[in-house]
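# Results of the structural survey
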Amino acid sequence: MGRANAGKTTILQRVCNTTDQPEIFNGKGEKVDVALVQGSLARGYHNIEDELIFQSNPGFVFHDSCGFEAGSGVQFDKMKKFVMDRANTLQLDERIHAIWYCIPMTDSHRMVTAGEAKFFNECDTGHVPVIVLLTKADILELEAVEELEDQGLSVDDAGRVADIEKDILNNHTAKLKDWLKEKRFPPHDYLSLGGMEQQDADCAPLLTCTANALSEEGLQQLLISTQQSNLELCIELAILQSLKKYMNWKTEMIDPTTLSVMLSQWFPYC
Ligand SMILES: Nc1nc2c(ncn2[C@@H]2O[C@H](COP(=O)(O)OP(=O)(O)OP(=O)(O)O)[C@@H](O)[C@H]2O)c(=O)[nH]1
Ligand SMILES: [Mg+2]
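Residues numbered from 1 in each chain as written. Chains lettered and ligands numbered in written order. Predicted model: local features only at pLDDT ≥ 70, side-chain atom pairs only at ≥ 80, totals over all residues.

The helix and strand inventory of the protein stands at 10 helices and five strands. The C-alpha atoms of the protein give 21 Å as radius of gyration, which agrees with the globular expectation for 270 residues (18 Å, within 12%). Sorting the 270 residues of the protein into buried and exposed places 26% on the buried side. Within the protein, residue pairs in contact and separated by at least 24 positions form 71% of the contacts whose partners lie at least 6 positions apart. (Helix = DSSP H or I, 4+ residues; strand = E, 2+ residues; numbered from the N terminus. Rg over C-alpha atoms; globule rule 2.2 N^0.38 Å. Buried ≥ 20, exposed ≤ 12 C-beta atoms within 10 Å, placed from the backbone. Contact = placed C-beta atoms within 7 Å.)

On to the packing of helix α8 (residues 217–226) against helix α9 (residues 231–247). Closest axis-to-axis distance for the α8/α9 pair is 9 Å, and the angle between their directions is 155°. Classified by the interaxial angle, the pair formed by α8 and α9 is roughly antiparallel. In this structure, α8 crosses over α9, and the sense of that crossing is left-handed. Here α8 contributes E217, Q220, I224 and S225 to the contact with α9, which in turn contributes L233, C234, L237 and Q241. Broken down by class, the residue content of the contact of α8 with α9 amounts to four nonpolar, three polar and one charged. (Axes fitted to C-alpha atoms, helices over the stretch in contact; angles between N-to-C directions. Parallel < 35°, antiparallel > 145°, perpendicular 65-115°, else oblique. Left-handed = near helix turned anticlockwise from the far one by under 90°. Nonpolar A, V, L, I, M, F, W, Y, C, P; charged D, E, K, R; others polar.)

Attention shifts here to the pairing of strand β3 (residues 99–104). Within β3, six of the six residues are buried, which leaves it mostly tucked inside the rest of the structure. Pairing between β3 and strand β4 (residues 130–135): six bridges, direction parallel. Bridged to Y101 within β4 is V132. (Pairing = 2+ DSSP bridges.)

On to the domain arrangement of the protein. Domain annotation for the protein reports domain 1 (8–198) and domain 2 (215–270). One C-alpha centre belongs to domain 1, the other to domain 2, and the line joining them spans 30 Å. Opposite the seven residues of domain 1 that make contact, domain 2 presents six residues. Along the lines of polarity and charge, the residues of the side of domain 1 that touches domain 2 split into two nonpolar, five polar and no charged. (Domains from an automatic or database assignment.)

Turning our attention to the sheet that holds strand β5 (residues 189–192). Spatially, three strands are ordered β3-β4-β5 in an open sheet, and the strand pairing comes out parallel. Of all strands in the sheet, those with a lone pairing partner are β3 and β5, marking the two edges. Going from strand to strand, the sheet's axes swing by 25° on average, the running direction of each strand aside.

Here we come to the environment of E141. Summarising the element assignment, E141 is placed in helix α5 (residues 140–150). Taking the C-alpha atoms as reference, E141 lies 23 Å from T9; in sequence the two are 132 residues apart. Setting aside residues no more than four positions away along its own chain, E141 makes contact with V161 and E165.

Let's shift gears to the site of ligand 1. Taken together, 19 residues sit near ligand 1, with G7, K8, T9, T10 and E197 positioned nearest. In terms of residue class, the shell around ligand 1 is built from six nonpolar, nine polar and four charged. (Near = placed C-beta within 6 Å.)

This paragraph deals with the nonpolar core. With 28 residues, the main nonpolar core has Y101, C102 and L133 as its most contacted residues. Those elements that place two or more of their residues in this core are α1 (8–15), β3, β4, α5 and α6 (158–180). It is β3 that provides the largest number of residues to this core, a total of five residues. (Core = buried A, V, L, I, M, F, W, Y, C linked by C-beta atoms within 7 Å.)

As a further point, take the environment of Y190. Relative to the helices and strands, Y190 is located in strand β5. In this structure the C-alpha to C-alpha distance between Y190 and T173, which are 17 residues apart in sequence, comes to 7.8 Å. Setting aside residues no more than four positions away along its own chain, Y190 makes contact with V132, L134, T173, L176 and K177.

Now for the environment of E182. You can see E182 is positioned in the loop between α6 and β5. Using a count of 10 C-beta atoms within 10 Å as the deciding quantity, one classes E182 as exposed. Taking the C-alpha atoms as reference, E182 lies 19 Å from H109; in sequence the two are 73 residues apart.

A word on helix α3 (residues 73–88). For α3, built from 16 residues, the straight-helix expectation of 22 Å at 1.5 Å per residue is met to within 8% by its first-to-last C-alpha distance of 23 Å. Packed against the buried residues of α3 are α4 (114–122). (Expected span 1.5 Å × (residues − 1).)

Pairs of packed helices are described in terms of their axes, by the angle between the two and the distance that separates them. At a minimum axis separation of 9 Å, α9 and helix α10 (residues 256–264) run at an interaxial angle of 140°. Taken together, the axes of α9 and α10 lie oblique to each other. Once α9 is placed against α10, the crossing between them reads as right-handed. Counting all contacts with α9, which are made through A238, S242, K245 and Y246, the residues of α10 involved are L259, M262 and L263. Its residues assigned to classes, the contact of α9 with α10 shows five nonpolar, one polar and one charged.

Shown next, in the form of structure tokens:
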């Protein structure tokens, strides 16, 4: 979720380790001719029912929704129905498992618009965690430099710029948390992401944060084993989760074959 230009597609590309655009399939599973909808995509309009799949990792199915500025009531209602239906459906192939709500730091003066307020007041996503992503956080470096200049201080000290940038980000995050905690359905977690437009950007924090927000271990395993951008995450969770289970077992139940099967479940694509 998130307004136009918030950095949504870029995040999905990083998670799927690609620079390609996704293929789009409509609600009936038919491929959508991207050339035909190019105009509306360029205006940041997305049909939330469409499924976005990257060839580099077809294990993930994404849904992309535009932002909801004041006045787009029909779009909001359509999104709300989609989210509530798909969060609760028993049809496994239709179920959504997590929502990333992008708020770009390029708009730090209007982080919570009527659209965000409406979403967090009205959208009960039940057990489906909503994680607010403060996207394009790298842009705050510019604000930090401006602040130093205003104070008449040198901007050559990279450490000082980084410290002020961190303070500004902490400030924005605190403000955002303050606003959203008052809503009826506040987000489960917050995470800042910057430099995601770079092809080698690390999305491990995003995957770890999402895995932590998922309440079921089976879902965590699906997420971590489906992503192929960070092998370390698979190793870390395979060891932590398998050993955690193993430690509760009686000694006579422990055998290397069982342990290796448990570990390998985190690496189905290898
Ligand atoms: N500085 C910076 N730019 C970013 C970052 N992430 C994305 N961008 C840039 O922001 C622009 C928009 O990114 P997209 O991923 O296309 O945004 P979107 O939310 O999918 O936009 P729509 O599909 O139009 O709604 C692109 O030029 C990206 O390169 C980031 O972390 N930092
Ligand atoms: Mg996009």
